Structures are given as C-alpha cells and as structure tokens.
Number of protein chains: 2
Amino acid sequence: MFKNILIIGCGLIGSSILRASINKKTSKNFFVYEKLKKNIGEIKKIDKKIIILKKLDNKISDMDFVIIATPMSQYKRIIPHLNKHLSKKSLITDVGSTKENISKLKNNSLSKSLHWIMSHPISGSEVSGPKYGSKSLFINKWCIVFNDKNKIKQKKLVNFWKKIGSKVIIMDEKIHDKIFSITSHLPHLIAYNLIKTAQDFQKTQKKDVIKFSAGGLRDFSRIAASNEIMWRDIFFNNRKNVVSAINLFIKNLKSFKKNIENLDDKTLRKKLVNSKKVRQQILNLKQDIAKPDFGRDQN
Amino acid sequence: MFKNILIIGCGLIGSSILRASINKKTSKNFFVYEKLKKNIGEIKKIDKKIIILKKLDNKISDMDFVIIATPMSQYKRIIPHLNKHLSKKSLITDVGSTKENISKLKNNSLSKSLHWIMSHPISGSEVSGPKYGSKSLFINKWCIVFNDKNKIKQKKLVNFWKKIGSKVIIMDEKIHDKIFSITSHLPHLIAYNLIKTAQDFQKTQKKDVIKFSAGGLRDFSRIAASNEIMWRDIFFNNRKNVVSAINLFIKNLKSFKKNIENLDDKTLRKKLVNSKKVRQQILNLKQDIAKPDFGRDQN
C-alpha cells in the first residue's frame, strides 16, 4: 500500500497502529518519531525493522503516509516541520479526538501544498503508552474519516483503516464534535467528577469510601484514570459542545432529584426503564461485550 | 450450621445465596419462597433438594434462618407473615441496599419476640433473576453485617456470610447509608442520568449517538440497565443522603465547567491527575480486576 509510513507520537494509539500496520503489511518501511526514552525502549521490542527518528528533519521527506498520534496540543509544534520537509505526494492524517479545532489549525498553518485528511479511530483505554498497544485494537471498531475534496486520497486513507480492521464512516467535523461531546467527552468528565465527589466526601466525612467501591464507583474510576493531557486537550478544544452537554446533564439531574424528593414513582420508574433499553441497543450494535458485568470476574 | 434455611425472593441475590449455601452445605434443608413462575422454573434447575413454598404460612415455623431477598418495597407485606409464624429461635436477615429505613421498619412492625439482624452483601450485577445467580458471587466481596446486641446471633450471621465466601465488616446503619450514597447510589443515578441525556440529545439533534457509544457511554449503559424496582426503592429510601450527594456532585460539576470555560489548565489538570490515583487505590484494595478496560475484549 505505502512505501514509507511515519507515525509521529507512539503511545497507546500510535503503537497500536504500528503493530497493526506491520501485521497487515500496509507499508514497506515503518518509521516512528518518538522522544520519550521509556517509549523508545518499548517500541524497539515490537519489531526489528522499525526505524526510530529523533528529529523531524529532511529524513521525513520520503514518507508517503504520516500519522500524527501525539496529544492534540502538540500539533502546533509539529506542523512547521511537515511544512518544511514533506511534499504533496505525502498523505497526512491524525487521530485526534476533536476535529473542528484541528480543521481550523490545518487551514491556518499547514502549507497549501500538503494534504492532511483527518481520522478518528474510536478506540482506546484508560492505560497509556506503547506497552499497552495491541495490533487488534481497531478490529471491528469505528474509525471516522473526514470529508475531503480529494476522493482518491480519501479512499486511500479509508482503505488503510479498513486494512487494519476498522469499520469506516465518513463524517463532517461539526457533527463529529457534537456526537462525541455526548458519547465520549461528557462521560469522561462525569467520571472524573464523580471520583472527585467521592474524594471530597471521604475528606470531609472522614469515612472510608474507596474500600466499598465495588457497588458502582469502581466502574467510573477506570474511565477517570485516563490520560490527563489527552483529556485536557479534548475538554478545552471541544468546550462549546462540552459545556452544552454539561448544561443538559445538570438540567436532567435536577429533574431526577425532584422526582426522588417528591417520591414520584411513576416518572422515576419510567426514566429508569427507558435507560435500560439503551444497553440492549448497544449490545445489538456490538458496541460492547454481551456478558453481565463486562464478563469481569476478579475471583 | 442450620437445619432449615428459607430464602424469601429468589432473584439474582437470593439464588446466589441459595447456590452458595447448597455448595457450602450451610443447612440441611433449603426452602425458597418465590411467586414468579418464570423464576420457579429456573430455581428447580439448581438442585433437586430445594423445596419451593408458595405461601408464607405455618410451614415456615421450623425455619431457623430466614433471608429476605426481595425488593425492599415488599418487606412491609412480608413482616406480618413472619410475625405470625416464626418464633424466637429463628434468625432473620435481609440483603437490602439501604438500612436506616429497614431498621425503622423492623423496630415498628416486627414482633418483639423475633430477631432480625440486617446484612448487605456488596455484590450484584446489571442483570436480574435466578438465571444469572452464581455460587461464587460473594467470594472475596464485602458483606456488611449490622450491629446487634445479641452477639451470639450476630456471630452466627457473620459466620454464614464468611462460609459462603464474603469478607465481613460490622457497621452502623447511619454510616452505611452515607457511604453507599456515594459509592453506589450516586454512581447509579449518574449513569441513569447520563443515558437519559444521551437519549434526549439523540431525539433533539436527530443524530445517531448510541452507535458510537464505545468511547465511554457504553460503560454507563451497563449500570443504567440495572433493575428499576430495586433502584427506585434505594433512591426513595435513602433520599436524604442521595440528595446531598447530588448537590455535591452538581457543585463540583459546575466548577469543572468553569475550569473548561476559562481554559484553566493548572486547576483542571490537577483535578484529572488526582482522580487517576483512585483507580490505583481501588486496584490495590482488590475491588476491581487489574486489567485495562476490565479485561473486556469483544473481538
């Protein structure tokens, strides 16, 4: 498919793309730009043929496919190097979780001769770093590829994601940022906030709550253990949609509170029963494992 | 240990107690009071020696251990039968998730000659019914037993839970209801509310969000699929503590919103990093499986 793939930033996602790409032979050569020493050690273990670059200099001019997989706040520092060394024959993509900001950034800062089509693979984990990457991370997961005028390059990008196992869907960045404010950004913020609330309670009430987290809290703690740089970037970049989502959430929560205070059985039960239906929809869409308690069993 | 155990209400928890009890031979005979036909069919499959009672009549007078495992809203209907047919040689317990209300109820309605010591095993699942019960549901899980003057009977109850695998801790009902408002009741309410918010968004924006739930929402959908009768009872019975927990949660969420609107990097990051620590505490306490993504993999 490609001759030279370059992955810029090789953490959980970058290293999973790398592993899947090597496995599926999507390229002849595999280059990685990574600065963290700890990460480089892990990356070298993946495959001998991986070439590690320590600078984004003229060595990258031969890359025909470049994937940016750093936190979004680093894109600004990367673009000038791409402008300087890449040419129009390269295809650039990224895996950032918000898109309106990236779209603006590339319109403003990327050289007009370069071609960057955005991607967003919907996969990840609460753990970070190349150690946790997996060649099957993308299998049967959605990857969103963003509308582009150049349909040949867009098709090439779609084929790449399909080759490493993704189901691809084409989307527009405005819609994307709205949808994911609800399905991903709000849930993460809520998980962080719930853990913060439990911590506050533990501090003021001097009661051991973490010890009894198996009744629900532990699930949220997993999501709230996600990488803070990545999530700061997401919350800040998609703040308009995230703030709307928070407002809708608070409105609904106040209404729930009222139902409880008024012992409003009918309304409360209707809401609980309605929520239940979503789980079945998610399972029907194969978006989660169809086992009680995620098949989790720590005995 | 016992001669005759009676389990009143044999859903997920009741049938798990039944299975574990048979497995550990905690009694000579095993009786179940259950009215739902569908459940009775499942219970009969567990073991031939189980005796199913269709009425709480004088047949229960020989029971030396009675476990109430129905939704809490049914306790009121059950107590008169216990008053009529049981004697002081029986030990009664329950597995309800809130305790101040049960404590009041038994003080007001239970015959003074009977002995009921409350329990709360911290285990469960989003699925309901005896079909999903398991003999190992309680292994290494906390079970809370409530302070009682009769230390001999209390010890007997503690030994029962230990025998079927639980780690037992003695607690007072006021403290219990506070702690679990934070570790269990608030997380469930938040999960229900998040799913409701996603449903509202899907309706008003006419955008398909459930399809893309793998980025976070799906985790909440599991908890929000929990039994609505059980959770209505919990929210109503513990409403004082639940409302306080909601208020603290909203206060914290508004503060998060402010941090995001103001792009307050330092405060936001500090909060995210602090939340992360709780996950490690939970794993150290063996309150969850120590695998990324709960070891879940639906490929």
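Residues numbered from 1 in each chain as written. Chains lettered and ligands numbered in written order. Predicted model: local features only at pLDDT ≥ 70, side-chain atom pairs only at ≥ 80, totals over all residues.

### A short note on the environment of D219 of chain B
Here is the rule: Each helix corresponds to a stretch of at least 4 residues labelled H or I by DSSP, and each strand to a stretch of at least 2 residues labelled E; elements are numbered beginning at the N terminus. Residues are treated as contacting if the C-beta atoms built from their backbones sit within 7 Å of each other.
Within the secondary structure, D219 of chain B is located in helix α7 (residues 217-223). Excluding anything up to four places from it in sequence, D219 of chain B contacts D219 and I223 of chain A.

### Description of the domain arrangement of chain A
Residues and elements named next belong to chain A. The test is simple: Residue ranges for the domains originate in an automatic or database domain assignment. Classification convention: Asp, Glu, Lys, Arg as charged; Ala, Val, Leu, Ile, Met, Phe, Trp, Tyr, Cys, Pro as nonpolar; all other residues, Gly among them, as polar.
Along its sequence, chain A is carved into domain 1 (2-171) and domain 2 (175-287). Each of domain 1 and domain 2 has a C-alpha centre, and the two are 31 Å apart. With 14 residues of domain 1 at the contact, the number on the domain 2 side is 16 residues. Here the side of domain 1 that touches domain 2 is built from residues that sort into four nonpolar, seven polar and three charged.

### Looking at the interface of chain B and chain A
Taken residue by residue, the interface counts 95 residues in chain B and 95 residues in chain A. If you list the elements that add at least two residues to the side of chain B that touches chain A, you get α6 (173-205), α7, α8 (228-237), α9 (239-261) and α10 (265-284) of chain B. Top element by residues in the side of chain B that touches chain A is α6 of chain B. It accounts for 23 residues. Of the residues in the side of chain B that touches chain A, the class split is 49 nonpolar, 22 polar and 24 charged.

### Here we look at α6 of chain B
Residue and element names in this part refer to chain B. Put simply, the rule reads: Take the number of residues in a helix, subtract one, and multiply by 1.5 Å to get its expected span. The quantity called bend is, for any residue, the angle between two axes fitted respectively to the seven residues ending at it and the seven beginning at it.
The terminal C-alpha atoms of α6 lie 45 Å apart, and with 33 residues this matches the ideal 48 Å at 1.5 Å per residue to within 8%. At S181, α6 shows its strongest bend, of approximately 55°. A positive phi of about 50° marks K206, the residue just after α6.

### Structural notes on the pairing of strand β8 (residues 142-146) of chain A
Residues and elements named next belong to chain A. Cut-off, in case you're wondering: Residue burial here comes from a neighbour count, namely the number of other C-beta atoms, placed from the backbone, that lie within 10 Å of the residue's own C-beta, with 20 or more meaning buried, 12 or fewer meaning exposed, and in between meaning partly exposed. For two strands to be treated as a pair, DSSP must find at least two bridges joining them. With the strands aimed away from the viewer, a crossover counts as right-handed if its path from the first strand over the helix to the second runs clockwise.
The buried count for β8 comes to five of five residues, which makes it a mostly enclosed element. Here strand β7 (residues 119-121) runs beside β8; their pairing, made up of three bridges, is antiparallel. Residue pairing in the sheet places S119 in a bridge with V145 of β8. Inspection of the sheet shows β8 paired to strand β9 (residues 167-171) by five bridges, in the parallel sense. Within the sheet, the bridge partner assigned to V145 lies in β9 and is I170. Of the crossover connections in this fold, the one passing from β8 over helix α5 (residues 151-163) to the parallel β9 is right-handed.

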